[in-house]
Amino acid sequence: MRHQARQACHVDMPSTWVKYRKGLCNDCLAVCCSLPVEVTIGDLVRMDLIDAFEAEEPAKEVAKKLRKQGLIDHFNFKSEIFTLARLANDDCIFLDQKSRRCTIYAKRPGTCRNHPQIGPRPGYCAYRCKG
C-alpha cells in the first residue's frame, strides 16, 4: 500500500506527498529539484555564481547579469530574492539529468539545504521512486 502512495505523489499537489524520513532520497528521482528554488545574495556567493565584490552591487544589477547568463528566471525587487532558472522539463539547472543528483551539492542554496523542513508542505516530499 505504501508503494502505491509513493507512486501517486505529484510535485504540484502537496496533499499527495509522503512524510519524509531519512534515506528516502537515496532512490528518489529528485522530484524536489523541479520545484522553484528561491535564493539570496548569500546563496549566490556560496554557489559561486557571483563573487563577494559583486554581492556589494545593487541586487537589481546582479539580477540583470544573472538573467542574461540564464542562471535566474525571476527577481523579486521588494524582497531581493532570486528564483533560479529551470530547464524546459522544470528541473533545476544544477540537476544532472542522468544521475538525478545535484551538481553543486556542497554549495547548494539554503532552500535546498532545508528541504523538506521548509517548503509547500513542511516535513513531506514529492517522493517518486527511480525504479
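To be clear, the structure that these remarks concern was listed above.
Residues numbered from 1 in each chain as written. Predicted model: local features only at pLDDT ≥ 70, side-chain atom pairs only at ≥ 80, totals over all residues. Heavy atoms only, no water.

Undergrad: Explain the layout of surface pockets here, please?
TA: Picture a little ball the size of a water molecule; that probe, rolled over the atoms, points out where space is still empty. Size it by volume and the largest pocket reaches roughly 860 Å³. Cys25, Cys32, Cys33, Cys112 and His115 are, among the 36 residues lining the largest pocket, the residues nearest its centre. At 3 residues, the largest contribution of residues to the lining of the largest pocket is made by helix 4 (residues 110-113). Partitioned by chemical class, the residues of the lining of the largest pocket number 26 nonpolar, 5 polar and 5 charged. Considered as a void within the structure, the second largest pocket measures approximately 170 Å³ in volume. Every residue lining the second largest pocket is counted, 13 residues in all, and those nearest its centre are Val11, Ser34, Leu35, Arg86 and Asp90. (1 Å grid on protein atoms, 1.4 Å probe; cavity = no way out; pocket = protein on both sides within 12 Å on 5 of 7 lines; lining within 4 Å. Points joined across faces, edges and corners; volume = space filled by probe spheres on them. Helix = DSSP H or I, 4+ residues; strand = E, 2+ residues; numbered from the N terminus. Nonpolar A, V, L, I, M, F, W, Y, C, P; charged D, E, K, R; others polar.)

Undergrad: What's the story with the nonpolar core in this structure? I'm lost.
TA: Where a protein is soluble and globular, its nonpolar side chains tend to be buried together. Judged by nonpolar contacts, the single largest core of 21 residues is most densely connected at Leu44, Leu49, Leu66, Phe82, Leu84 and Phe94. Of all the secondary structure elements, the ones that give two or more residues to this core are helix 2 (41-46), helix 3 (59-68), strand 3 (72-76) and strand 4 (81-84). Among the elements that take part in this core, helix 3 stands out by supplying 4 residues, more than any other. When near neighbours in sequence (up to four residues on either side) are disregarded, Leu84 contacts Val37, Val39, Met47, Leu49, Leu71, Ile72, Asp73, Cys92 and Phe94. Among the nonpolar cores identified, the runner-up in size contains 12 residues, and Cys9, Val11, Leu24 and Ala126 belong to it. (Core = buried A, V, L, I, M, F, W, Y, C linked by side-chain atoms within 4.5 Å. Buried < 20%, exposed > 50% of the residue type's maximum accessible area, 1.4 Å probe, protein only. Contact = heavy atoms within 4.5 Å.)

Undergrad: Explanation requested: helix 3 in the structure shown.
TA: Residues spaced three or four apart along an α-helix point in a common direction, a consequence of the helix completing one turn every 3.6 residues. Residues of helix 3 that are buried include every one of Ala59, Val62, Ala63 and Leu66, and no others. One side of helix 3 holds all its buried residues, which, seen down the axis, span an arc of 100 degrees. Elements that come into contact with the buried residues of helix 3 comprise helix 2, strand 3 and strand 4. Remark: Gly70 follows helix 3 within two positions and exhibits a positive phi of approximately 75 degrees. (Arc of directions from axis to C-beta.)

Undergrad: Quick question: what am I supposed to make of the pattern of salt bridges here?
TA: Opposite charge on two side chains makes pairing possible when the charged atoms of those side chains draw close. Within this structure, the stated rule accounts for 5 salt bridges. Of the charged contacts, one joins Asp43 and Arg46 as a salt bridge, the two residues approaching to 2.6 Å between their closest N and O atoms. Of this pair, Asp43 and Arg46 are both found in helix 2, 3 residues apart, which corresponds to roughly one turn of the helix. Classification of Asp43 as buried rests on a relative accessible area of 8%. Between Lys65 and Glu57 there is a salt bridge, and its shortest N-O distance comes to 2.8 Å. (Salt bridge = Lys/Arg side-chain N within 4 Å of Asp/Glu carboxyl O.)

Undergrad: Hey, could you run me through the sheet that holds strand 4 in this one?
TA: Strand pairing in a sheet is mediated by backbone hydrogen bonds. Such pairs are either parallel or antiparallel. In spatial order, the strands read 2-4-3; together these 3 strands make up an open sheet with antiparallel pairing. The strands lining the two open edges of the sheet, one partner per strand, are strand 2 (38-39) and strand 3. Here helix 3 sits on the sheet and contacts strand 3 and strand 4; the angle it forms with strand 3, its principal contact strand, is near 165 degrees. (Pairing = 2+ DSSP bridges. Axes fitted to C-alpha atoms, helices over the stretch in contact; angles between N-to-C directions.)

Undergrad: Would you mind showing me how to read the side chain of Arg100 here?
TA: The topology assignment puts Arg100 in the loop between strand 4 and helix 4. Accessibility expressed as a relative area gives 18% for Arg100, which makes it buried. There is a polar contact of 2.5 Å between the side chain of Arg100 and the side chain of Asp91. In this structure Arg100 touches Leu29, Ala30, Asp91, Leu95 and Lys130, once residues within four positions along its chain are discounted. (Polar contact = N/O pair within 3.5 Å; in protein donor to acceptor, adjacent residues only side chain to side chain.)

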